[in-house]
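# Structure assessment
What follows is each chain in one-letter form.
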Amino acid sequence: MKKQILITGGTGYIGSHTAVELINEGFDVVIVDNLYNSNAGVVDGIEKITGIRPLLEVFDLCDSVRTNDLFSKFNISAVIHFAAYKAVGESVRMPLEYYRNNLVSLINILDSMKAHGVENLVFSSSCTVYGQPEKLPVTEQSPIQPAVSPYGNTKQIGEEIIRDTTSSSNTINAIALRYFNPIGAHPSGSIGELPTGVPENLVPYITQTAIGLREELKVFGNDYNTPDGSCIRDYLHVSDLAKAHVVAVKRLSDKKNKKAYEVFNLGTGKGVSVFEALKSFEKVTGIKVKYTITGRREGDIEQIWADPSLANKELNWKTGYSLDDCMKTAWEWQKQVTKSNL
Ligand code: UFG
């Protein structure tokens, strides 16, 4: 039986783009998702782009019996673990739900990997583990700061659980990918981000304002110690990010990894302010976005961007899309979603 790559959370934003890139590279993909924050129709989008419909299993990975059964049913060679709750603000209100969901699912995955001799894991981590770094850009050696939200803490603890598991087991190898800010959508317009309710993140808020779903963008602070006073992030296209997962899976499968547990920053290496992001959107769409400047958002860090040189060198990976391309694809997707009312 051909080996499969298991993508947990594969109908989500980054998971679906990764499914596309893996299928395009000839991998067999199985998706597991509880559809908490996505819908089964995403599989249609993946099929439309690739011509291949990935298998979708719908259940919750906090169910250890069903998780183990899944590993019995398929011949899994690697797991890419995206499935997690991801809203920073919500995690402050519902810490136990976040710890239970994000950590129990990870432990169940690792248990099943051990039980079934599955050796390779790629973990979806975040630059949130660096907090507000003292030195920019951040490298993988930059100190980990105490997490400011339960969500961020689940990523830190998740990394520790994986690190300890790889060092205690002779079989499991893992790569944690620390994402900076993924934005944009697949250029086909068939998949993209589907935020439920009012978006928390900048780019979906911009596109929803531009299309008339939101009255105005609130810029959270213009009094930061940055050139234009707004916060700075490292925005990268979600398809670029997705491609790094394919490289990571191949690195583990070909046993090219240098340690049982490796960590890579995934970003462009360029810091972009909120106003610069807005300007890029307005330039490529020709739409003026109404905005007001409000107070700072609690928990926001002032500025962060990646030093992606380790990923550039070791994974032979770098971003290809420009900020303008990111905004163009995000806008095409917003129009598509609004038209078809997804
Ligand atoms: N922003 C606004 N107005 C909005 C939304 C965002 O001004 O309506 C600003 C924020 O203050 C911030 C920037 O836009 O300066 C980016 O904010 P996002 O919410 O898009 O992204 P964050 O950097 O806050 O968070 C993202 C992910 C998290 C992850 C974090 C790691 O959403 O899951 O990066 O730093 F933990």
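Above: the structure in question.
Everything numeric in this text was worked out from a predicted model, so none of it was measured.

## Notes on the overall build of the chain
The helix and strand inventory of the chain stands at 11 helices and 13 strands. The C-alpha atoms of the chain give a radius of gyration of 19 Å, which matches the 20 Å a tight globule of 342 residues would have. For the chain, the spread of C-alpha atoms along the principal axes amounts to about 55 × 45 × 40 Å. Looking at the chain as a whole, 53% of its 342 residues qualify as buried. Of the contacts formed within the chain by residues at least 6 apart in sequence, a portion of 80% connects residues at least 24 apart. Within the structure as shown, the chain displays about 15100 Å² of accessible surface, and the carbon and sulfur contribution to it stands at 50%. If you average the places of the 36 positive and of the 39 negative side-chain charges in the chain, the two averages end up 3 Å apart.

## As for the side chain of S124
By the element assignment, S124 lies in strand β5 (residues 120–126). A distance of 3.2 Å separates a polar atom in the side chain of S124 from a polar atom in the side chain of Y179. If we skip the residues at most four places from it in the chain, S124 touches H81, F82, K155, L177 and Y179.

Cut-offs and rules
- Numbering of residues starts from 1 in every chain and runs along the sequence as written.
- The predicted origin of the model limits local features to residues at a pLDDT of at least 70 and limits the giving and counting of side-chain atom pairs to 80 or more, whereas totals for whole chains, interfaces and linings rest on all residues.
- Hydrogens are left out, water is left out, and the side-chain values use all remaining heavy atoms of the structure.
- A helix here means a DSSP run of H or I that spans at least four residues, while a strand means a run of E at least two residues long, and both kinds are numbered starting from the N terminus.
- The size measure is the radius of gyration over C-alpha atoms, and the globule rule it meets is 2.2 Å times the number of residues to the 0.38 power.
- In this scheme, a residue with accessible area under 20% of its type's maximum is buried, one over 50% is exposed, and one in between is partly exposed, where area comes from a 1.4 Å probe on protein chains only.
- In what follows, a contact means two residues having at least one pair of non-hydrogen atoms within 4.5 Å.
- The Shrake-Rupley method, run with a 1.4 Å probe sphere, supplies the accessible areas, and residue values consider only the shown protein chains as cover.
- Neither His nor the chain termini are counted; the positive set is Lys and Arg, and the negative set is Asp and Glu.
- Charge coordinates come from a single atom per side chain, which is NZ of Lys, CZ of Arg, CG of Asp or CD of Glu.
- Polar contacts, as used here, are pairs of N or O atoms within 3.5 Å; protein pairs need one atom able to donate a hydrogen and one able to accept it. Residues neighboring in sequence count only if both atoms are side-chain atoms.

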